[in-house]
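Listed here are the chains, written in short residue letters.
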Amino acid sequence: MCRWAAYLGTPIFLEDIVSSPGHSLIRQSHCASECKTAINADGFGIAWYGDRPEPGLYRDVMPAWSDPNLKSLVAQVRSGLFLAHVRASTGTATSRNNCHPFTVGRWSFMHNGQVGGYEGFRRQADMMIPDHLYPHRKGATDSEALFLVALAEGLDADPCGGMARAVARFEALSREKGCAPHLRMTAAFSDGRRLYAVRYASDDAAPTLYHRWSVSRGGRAVVSEPLEQGEGGWEPVPPGSFCIFDGDGVTVRPFAPGAMAQAA
């Protein structure tokens, strides 16, 4: 399972989330405390928004803790909206194209979780991606496929509905051709203006997800694990939730694609 962190608010240096805190994302790449494996060394990536609608993107296959270019980048780049991810592969190759986040136009997306038995129906999953989006299919992960199917399902106009319909299709495939656990996930994605996050599982073991508003920074972090051990103010996101972060506002809606999947 992977670890990730996202931020929305007054522009800060990326290092304030990625490398400086005591339990920063880089530290979680080798010392995670709330997932099955403490090591997330199968690559990393950052997508950040600046003066243009499309995000910048930096990804590589090295462990996040050992890449000096990453440490230099996050010390110099300032952004008011960014997504950062450290990867623990669930079966696909360690390659740059399989590292998160993924981007299409102004959208960025990253994911932590699994789709049960995905290797057994990967071809069927790819077939759910329409022709006009398939050129963006660069890697082999379930995460990238899920993102592209969500775009096809209307993510741009209806982020919650588009993601729910995509998740339901993947869960239905796993129930038909895969194995349990059929789907476990947290995901963060953005259109360059708002930040969205999902916490969901087809069973009772959804991966962890938290958010916290910082008055001193004037922004909100959304994370797999709190960035400081023992730090207060982190609010857990309930399982089966879709979150919209817009400025300092938070909207949490029910997220229940399971019913659609079982009816498929």
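Structural data are supplied above this passage.
Residues numbered from 1 in each chain as written. Predicted model: local features only at pLDDT ≥ 70, side-chain atom pairs only at ≥ 80, totals over all residues. Heavy atoms only, no water.

Trainee: What is the right way to read the overall build of the protein from this model?
Mentor: A tally of regular secondary structure across the protein gives 7 helices and 13 strands. At 17 Å, the protein has a C-alpha radius of gyration in line with the 18 Å of a compact globule built from 264 residues. Once the C-alpha set of the protein is aligned to its principal axes, its extents read approximately 45 × 35 × 35 Å. Here the protein, with 264 residues, has 55% of them falling under the buried criterion. Relative to all contacts within the protein whose residues are 6 or more apart in sequence, the contacts with residues 24 or more apart total 66%. About 10,600 Å² of surface is accessible on the protein, with carbon and sulfur atoms providing 49% of the total. Here the protein contributes 26 positively and 27 negatively charged side chains, and the mean placements of these two sets differ by 2 Å. (Helix = DSSP H or I, 4+ residues; strand = E, 2+ residues; numbered from the N terminus. Rg over C-alpha atoms; globule rule 2.2 N^0.38 Å. Buried < 20%, exposed > 50% of the residue type's maximum accessible area, 1.4 Å probe, protein only. Contact = heavy atoms within 4.5 Å. Areas by Shrake-Rupley, 256 points an atom, 1.4 Å probe, with all protein chains shown as cover. Lys, Arg positive; Asp, Glu negative; His and termini not counted. Charge placed at Lys NZ, Arg CZ, Asp CG, Glu CD.)

Trainee: Just to check I follow, could you spell out the nonpolar core for this structure?
Mentor: As a rule of thumb, nonpolar side chains are buried together in soluble globular proteins. Counting 36 residues, the largest nonpolar core has Met163, Phe170, Phe189 and Phe255 as the members making the most contacts within it. Sorting the residues of this core by element identifies strand 5 (102–104), strand 6 (107–115), helix 5 (142–152), helix 6 (159–177), strand 7 (183–190), strand 8 (195–201) and strand 12 (241–246) as the ones contributing at least two each. Apart from residues lying up to four places away in sequence, Phe255 is in contact with Cys160, Met163, Ala164, Val167, Val198, Tyr200, Gly240, Ser241 and Phe242. Membership of the second largest hydrophobic core comes to 24 residues, among which are Ala5, Tyr58, Val74 and Val223. (Core = buried A, V, L, I, M, F, W, Y, C linked by side-chain atoms within 4.5 Å.)

Trainee: Can you help me understand the sheet that holds strand 5 in this one?
Mentor: What holds strands together in a sheet is hydrogen bonding between their backbones, with the strands either parallel or antiparallel. Taking strand neighbours across the sheet as the criterion, the 6 strands line up as 5-6-7-8-12-13 in an open arrangement whose pairing is antiparallel. Sheet topology places strand 5 and strand 13 (249–254) at the edges, where each strand pairs with a single neighbour. Strand-to-strand twist in this sheet, taken as the mean axis angle between neighbours without regard to direction, amounts to 15°. Note that strand 6 and strand 7 share 8 bridges and pair antiparallel. From the neighbouring strand, Val115 faces strand 7, where its bridge partner is Leu183. Packed onto the sheet, helix 6 meets strand 6, strand 7, strand 8, strand 12 and strand 13 and runs at close to 150° relative to strand 7. (Pairing = 2+ DSSP bridges. Axes fitted to C-alpha atoms, helices over the stretch in contact; angles between N-to-C directions.)

Trainee: Mind showing me how you'd approach helix 6 here?
Mentor: At 3.6 residues per turn, the α-helix brings residues three or four places apart onto the same side. Given a rise of 1.5 Å per residue, 19 residues ought to cover 27 Å, and the 27 Å separating the end C-alpha atoms of helix 6 matches this to within 8%. The buried fraction of helix 6 amounts to 14 of the 19 residues, a majority that puts the element mostly inside the structure. (Expected span 1.5 Å × (residues − 1).)

Trainee: Just to check I follow, could you spell out the pairing of strand 13 for this structure?
Mentor: Regular strands show a simple pattern: their side chains alternate between the two faces of the sheet. Two strands pair when backbone bridges link them, and strand 12 and strand 13 are joined in this way by 6 bridges, in the antiparallel orientation. Residue pairing for strand 13: Phe245 is matched across the bridge by Val250.

Trainee: So what exactly am I meant to see when it comes to the pattern of salt bridges here?
Mentor: It is possible for side chains bearing opposite charge to pair when their charged atoms get close. Considering all chains together, one arrives at 15 salt bridges under this definition. With a shortest N-O distance of 2.9 Å, Arg3 and Glu225 are connected by a salt bridge. Taken together, the positions of Arg3 in strand 1 (residues 3–13) and Glu225 in the loop between strand 10 (219–223) and strand 11 (235–236) put the pair 222 residues apart, joining distant regions of the chain. Considered together, Arg3 and Glu225 belong to a single accessibility category, that of buried residues. Residue Asp60 pairs with Arg96 through a salt bridge whose shortest N-O separation is 3.1 Å. Here Asp60 is found in strand 3 (residues 56–60), whereas its partner Arg96 is found in the loop between strand 4 (78–86) and strand 5, with 36 residues between them in sequence. Salt bridges sharing partners connect three or more residues here, namely Glu153, Asp158, Arg165 and Arg169. (Salt bridge = Lys/Arg side-chain N within 4 Å of Asp/Glu carboxyl O.)

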